[in-house]
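Next come the chains, spelled out residue by residue.
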Amino acid sequence: MARFSKVKADYGSQTRPTSIAGADQAFARSGCIAERACSATIFVRAGSMVLMVNINSDTGEAPDPKILNSVTRMHVARARQIERGEAPTAKAS
């Protein structure tokens with residue numbers, strides 16, 4: 001929890017709350033650092049793990065949030081499987 005809180009504080013006002021199935025907490029941020037260099041990132045806490053999923057785009061627009069959410073849900077499901085001692089078999093949907 002401490003690590004997740006620190007990461008969230010480091011990004012401050014650049015973030016917005018989001019909900020990811022299976023995650024205890026999550027927040028997202030997106031933006032462009034140049035005309036054609038954009039990214040979207042979701043940080044989640046799933047049990048004792050803090051996960052970051054980032055997608056970059058060179059189209060001048062932030063990456064599709066549906067894709068980012070799908071990949072993030074897969075990583076959360078895999079993290080939960082690992083915590084239970086299972087093989088990480090979850091796939092993006």
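On a predicted model such as this, the values are computed, not experimentally measured, just so you know.

(A) Spatial organisation of the packing of aromatic side chains. All chains considered together, the criterion is met by four aromatic pairs. Seen in terms of ring centroids, Tyr11 and Phe43 are 5.1 Å apart; in terms of plane orientation they differ by 40°. Their pairing is tilted. One end of the pair, Tyr11, is in helix H1 (residues 2–11); the other, Phe43, is in strand S3 (residues 37–46), and 32 residues separate them in sequence. On the basis of relative accessible area, Tyr11 is assigned to the partly exposed category, the value being 27%. For Phe43, a relative accessible area of 5% translates into the label buried. When the centroid spacing of 4.9 Å and the interplanar angle of 15° are considered together, the rings of Phe27 and Phe43 count as stacked. Taken as a pair, Phe27 in strand S2 (residues 25–34) and Phe43 in strand S3 lie far apart in primary sequence, 16 residues in all. Accessibility classification places Phe27 together with Phe43 in one group, the buried group.

(B) Molecular detail of the side chain of Arg45. Structurally, Arg45 is set in strand S3. Note on Arg45: relative accessible area 16%, which makes it buried. Among the polar contacts made by the side chain of Arg45, one reaches the main-chain carbonyl oxygen of Gly47 at a distance of 3.4 Å.

(C) Representation of the environment of His75. Along the chain, the position of His75 falls in helix H2 (residues 65–83). A sequence separation of 52 residues divides His75 from Ala23, and the C-alpha atoms of the two residues are 9.9 Å apart. If near-sequence neighbours (up to four positions away) are discounted, His75 is found in contact with Leu51 and Val53.

(D) Seen up close, the sheet that holds strand S1 (residues 16–17). An order of S1-S2-S3-S4 is seen for the four strands of this open sheet, with the pairing classed as antiparallel. The sheet is open, and its two borders are formed by S1 and strand S4 (49–57), each paired with just one other strand. Pairing analysis gives nine bridges linking S2 to S3, with the strands arranged antiparallel. Across the sheet, Ala34 pairs through a bridge with Ala37, a residue of S3. Sitting on the sheet, H1 touches S2, S3 and S4, and the angle it makes with S2 is about 35°.

(E) A look at the state of the cysteines. Under the definition given, this model contains one disulfide. Across the disulfide, Cys32 is cross-linked to Cys38 (sulfur-sulfur distance 1.9 Å). Disulfide Cys32 to Cys38: torsion about the S-S bond roughly 95°, handedness right-handed. Since its relative accessible area comes to 3%, Cys38 is described here as buried.

Rules behind the numbers
Residues numbered from 1 in each chain as written. Predicted model: local features only at pLDDT ≥ 70, side-chain atom pairs only at ≥ 80, totals over all residues. Heavy atoms only, no water. Phe/Tyr/Trp six-rings, centres within 6.5 Å; stacked < 30°, edge-to-face > 60°. Helix = DSSP H or I, 4+ residues; strand = E, 2+ residues; numbered from the N terminus. Buried < 20%, exposed > 50% of the residue type's maximum accessible area, 1.4 Å probe, protein only. Polar contact = N/O pair within 3.5 Å; in protein donor to acceptor, adjacent residues only side chain to side chain. Contact = heavy atoms within 4.5 Å. Pairing = 2+ DSSP bridges. Axes fitted to C-alpha atoms, helices over the stretch in contact; angles between N-to-C directions. Disulfide = S-S within 2.5 Å.

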